[in-house]
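# Coordinate analysis (summary)
Chain by chain, the residues:
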Amino acid sequence: KALVFESKIRGEVKKFAELLAAAGNPKLMLMIQEIYIDPSGNKKPADDSILAAYLEKALIERGFELRGKGAAKEKLQGSAESYQSFLSNTDATSELARQQGADILIAGQIELADKGEMQDTGGLDSLAGQRRVEISGIVRGLLTSSGELVSTKPVQQKTIGTTVERAVHRALQGRGAN
């Protein structure tokens, strides 16, 4: 089965993993909040992050040790605003990750904007009813010992799928691999 393209997000994950491996495979804490935005503009934090699950799998496959999953889940509960406020306080985020035994905190907030069903498909019947989704946000790597940002990766991609979740999986895997 041929791959039509490799996901931009997958490429960024590979680059980030290579950067971490060069640092000697430090212990990591992963904390990414996904915000679903419906076609009317209403925002709702997801119970679980598809992107974080993908990153977790990719990092574990490369031999990284992840720490603080329970503490991360607890911080991710609540509103997008309260989580964003927490993220902006590098002292607090660094302290939480240090308490969990992590050397680096990978944290961010990703918005998944549902732009609705495709209407004008130019005669391509297979696209009828597909949902257009825009993924955007920033994922940062924070050195917990100093609070210094070691990496900032913007995430931005447009994708389609039968549901928002399916579109996100397509963005992570690349068309032809999902």
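Nothing here was measured: the structure is a model prediction, and the numbers come from that model. (Residues numbered from 1 in each chain as written. Predicted model: local features only at pLDDT ≥ 70, side-chain atom pairs only at ≥ 80, totals over all residues. Heavy atoms only, no water.)

## Looking at the packing of helix H4 (residues 80–88) against helix H5 (residues 90–99)
Where H4 contacts H5, the two axes come as close as 5 Å, and the packing angle between them is 85°. Considered as vectors, H4 and H5 are oriented roughly perpendicular to each other. Only Thr 90, Ala 92, Thr 93 and Leu 96 of H5 make contact with H4, whose side of the interface consists of Phe 86, Leu 87 and Ser 88. Tallied by class, residues from the contact of H4 with H5 come to four nonpolar, three polar and no charged. (Axes fitted to C-alpha atoms, helices over the stretch in contact; angles between N-to-C directions. Helix = DSSP H or I, 4+ residues; strand = E, 2+ residues; numbered from the N terminus. Parallel < 35°, antiparallel > 145°, perpendicular 65-115°, else oblique. Contact = heavy atoms within 4.5 Å. Nonpolar A, V, L, I, M, F, W, Y, C, P; charged D, E, K, R; others polar.)

## Things to note about the side chain of Ser 94
Within the secondary structure, Ser 94 is located in helix H5. Excluding anything up to four places from it in sequence, Ser 94 contacts Leu 142, Leu 143, Thr 144 and Gly 147.

## A closer look at the nonpolar core
Residues Ile 32, Leu 51, Ile 106, Ile 110, Ile 135, Val 139 and Val 168 are the most contacted members of the largest nonpolar core, which totals 25 residues. Listing elements by their share of this core, those giving two or more residues are strand E1 (28–37), helix H2 (50–61), strand E4 (104–117), strand E5 (131–143) and helix H6 (164–173). When residues in this core are grouped by element, the largest group, six residues, is from H2. Residues Ala 71, Phe 86, Leu 87 and Leu 142 belong to the second largest nonpolar core, which totals 14 residues. (Core = buried A, V, L, I, M, F, W, Y, C linked by side-chain atoms within 4.5 Å. Buried < 20%, exposed > 50% of the residue type's maximum accessible area, 1.4 Å probe, protein only.)

## Side note on the confidence of the model for the chain
Detailed conclusions should not be drawn from predicted coordinates in areas where pLDDT is low. Looking at the chain as a whole, its pLDDT mean stands at 81, while 80% of the residues score no less than 70. Within the chain, helix H1 (residues 8–22) has the poorest average pLDDT of any element, 63, and strand E3 (residues 66–67) the best, 94. This stretch, residues 1–6, has a pLDDT under 50; its non-local contacts, to residues over four places away or in other chains, come to twelve contacts. (pLDDT = per-residue confidence, 0-100.)

## Remarks on the pairing of strand E6 (residues 148–161)
By the bridge criterion, 13 bridges tie E5 to E6 in an arrangement that is antiparallel. Note that in E6 the partner of Ile 138 across the bridge is Pro 154. As consecutive antiparallel partners, E5 and E6 are separated by four residues, and within that stretch Gly 147 has a phi angle of approximately 80°, a positive value. (Pairing = 2+ DSSP bridges.)

## Here's the deal with the environment of Lys 69
With respect to the secondary-structure elements, Lys 69 resides in helix H3 (residues 69–76). Judged by relative accessible area, Lys 69 falls into the exposed class, the value being 59%. It is 8.8 Å that separates the C-alpha atoms of Lys 69 and Gln 100, two residues lying 31 residues apart in sequence.

## Notes on the pairing of E1
Counting buried positions over the ten residues of E1 gives ten, a clear majority of the element. Burial along E1 is two-sided: Leu 28, Leu 30, Ile 32, Glu 34 and Tyr 36 and Met 29, Met 31, Gln 33, Ile 35 and Ile 37, pointing in opposite directions, are all buried. Where E1 meets E3, two bridges bridge the pair, whose relative direction is parallel. Bridge pairing in E3 places Leu 28 opposite Leu 66.

## Thoughts on the pattern of salt bridges
Applying the stated criterion across every chain yields a total of eight salt bridges. Lys 43 is paired through a salt bridge with Glu 111; the nearest N and O atoms lie 3.1 Å apart. Within this pair, whereas Lys 43 is found in strand E2 (residues 43–45), its partner Glu 111 is found in strand E4, the two being separated by 68 residues in sequence. A cluster of three or more residues bridged by salt bridges with shared partners is formed by Asp 114, Glu 117 and Arg 131. (Salt bridge = Lys/Arg side-chain N within 4 Å of Asp/Glu carboxyl O.)

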